[in-house]
Amino acid sequence: MDAVVLIVVAGLFAVVSGVNDGGAVLATGLKLPTVRPATGVLVLVLMVALVPLVTHQVALTFVTRLATFDEPGGRLAMTCAVVSSLAVVTVLSAKGRPTSLTLAVVGGLTGAGLGWGLPVSAGSVGLVLAFGLAAPFAGGLLAWVLIRVLVSVTTARGLPRWHWAGFLLQTLAYAANDGQKMLAVFMIALGFSDAPLAYTSLVALLFGLGTLYGLPRAGRTLGREIIASRPPHGVVAELAAGTAVVASAAVGMPVSMTQSIAGGLIGAGVAQGGGRVRWYAAVKIVVAWLLTLPASGLLGWVLASMVKGIASVELS
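Here the structure is a predicted model, which is why all the values come from computation and not from measurement.

Look at helix 11 (residues 231-250): 29 Å from first C-alpha to last across 20 residues, which is about the 28 Å you get at 1.5 Å a residue. Of all 20 residues in helix 11, 15 are buried; the element is thus mostly enclosed. Of the residues flanking the end of helix 11, it is Gly252, one or two places downstream, whose phi is positive at about 75°.

Turning next to the environment of Leu212. When you line up the elements, Leu212 lands in helix 9 (residues 197-214). Between the C-alpha atoms of Leu212 and Gly23, which are 189 residues apart in sequence, the distance is 8.2 Å.

On the surface, Leu141, Trp144, Val145, Val149, Val153, Trp162, Val270 and Trp279 cluster together into a nonpolar patch covering about 740 Å² of accessible area. Of all the elements, helix 6 (residues 122-153) adds the most residues to the nonpolar patch, at five residues.

Within the structure shown, the criterion is met by two salt bridges. Its salt-bridge partner being Lys181, residue Asp21 comes within 2.7 Å of it at the nearest N-O pair. Of this pair, Asp21 sits in helix 1 (residues 2-27) while Lys181 sits in helix 8 (residues 180-190), and the two are 160 residues apart along the sequence. Residue Asp21 is classed as buried on the basis of its relative accessible area, which comes to 2%. Across the pair Lys181 and Asp178 runs a salt bridge, and its minimum N-O distance is 2.8 Å. Neither residue differs from the other here; Lys181 and Asp178 are each classed as buried. Sharing partners across several salt bridges, the network here consists of Asp21, Asp178 and Lys181.

A few words on the environment of Pro232. Note on placement: Pro232 falls in helix 11. The exposure class of Pro232 is buried, given its relative accessible area of 17%. Between the alpha carbons of Pro232 and Gln170 there is a distance of 15 Å; along the sequence they are 62 residues apart. When near neighbours in sequence (up to four residues on either side) are disregarded, Pro232 contacts Ile147, Leu150 and Leu159.

What counts and how
Residues numbered from 1 in each chain as written. Predicted model: local features only at pLDDT ≥ 70, side-chain atom pairs only at ≥ 80, totals over all residues. Heavy atoms only, no water. Helix = DSSP H or I, 4+ residues; strand = E, 2+ residues; numbered from the N terminus. Expected span 1.5 Å × (residues − 1). Buried < 20%, exposed > 50% of the residue type's maximum accessible area, 1.4 Å probe, protein only. Patch = residues over 30% accessible without salt bridge, like charges linked within 9 Å, V, L, I, M, F, W, Y side chains within 5 Å. Areas by Shrake-Rupley, 256 points an atom, 1.4 Å probe, with all protein chains shown as cover. Salt bridge = Lys/Arg side-chain N within 4 Å of Asp/Glu carboxyl O. Contact = heavy atoms within 4.5 Å.

Dropping the structure here:
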C-alpha cells in the first residue's frame, strides 16, 4: 500500500515540477523567437527522458547519499518528504514568493529521514548545500564575463546561434541534474536503481504536462522582474546557468536550475550597470530560498514522526 501511495505522490510531484521548473527553464529564452515555446517544451521533455539513460548520478544522490530510504519504512518516509516539499513550495508560491523545488526536496528528505530514524549523512547534506549555495554565484560570475564577450563578438543576426547553444546546454543541464529529483522519487517507489526508458519516459511525460499547464504564467519573476531584460541577458543566463549546473551534475551534486538562472540574469545585469537589476525582486527570491529548506525540513520531520508513530501503533 505504501508503494502505491508513493507512486501517486511521485506522479503528482513530476507534474508540479513541470509547472514550477519547466516554464522557468524556458522563460529566459522567450525574449528571442529562435526557439518557439512548442519546440522548447518538446526538446526539454526529450532531454528529461533520454539524458538519465546516460547518467543518473544526481538521482542516486537524492536516493542514497542524503538518507537511506531502502530500509523498512523508507517509502513512507520518502512520501512524507515529497509531500512536505510540495506543501512548502505551494504556500510560498501562493504568497508570490517563487522558490526552488530542489531546495525543498533536499530539506524534506533530510527532515523526513531524521523523523523516521533513518541514517542521514550530515556530510553529504552539507556538501549538497554547499554546491546549492555556490551554483547561483557561479552562474552570476560566468554571466558577468560572458555578457561582455557576447556583446563584443556577436551581432543581432548572430545572436540566435548563441541562443540555440545556450538553450540546448540549459535543457541538457536540467535533465542531468535538477530534473532528476523526479526520477529519484520513482526509483524509491518502484524499487529500481538504474533508469529504464519506460520510467524516464513516464517522468518526462508527466513533467511535460505540468510544463504545458504552467508555461503561460511561469518564469515571470525570472524573465521580467529580476532585471530589465534584453535578449543577450537571456542567452547569457542560459549559457552560464547551464555550465554551472552541468559541472555540478558531473560530480553528482543536485543544484537548482532556477537559482542558477537567477544568478546568471543578475550577473549579466550587473555587468552592464547595477541599475538594471531590480533588487527588490532579487531579495524576495533570496528570502524565499532561505525559508524553503528549513521549512520543508521541519515539516518533513514532523510529518514523518507522526506517520511513523501511527504505523507503530497499528502494528502493535
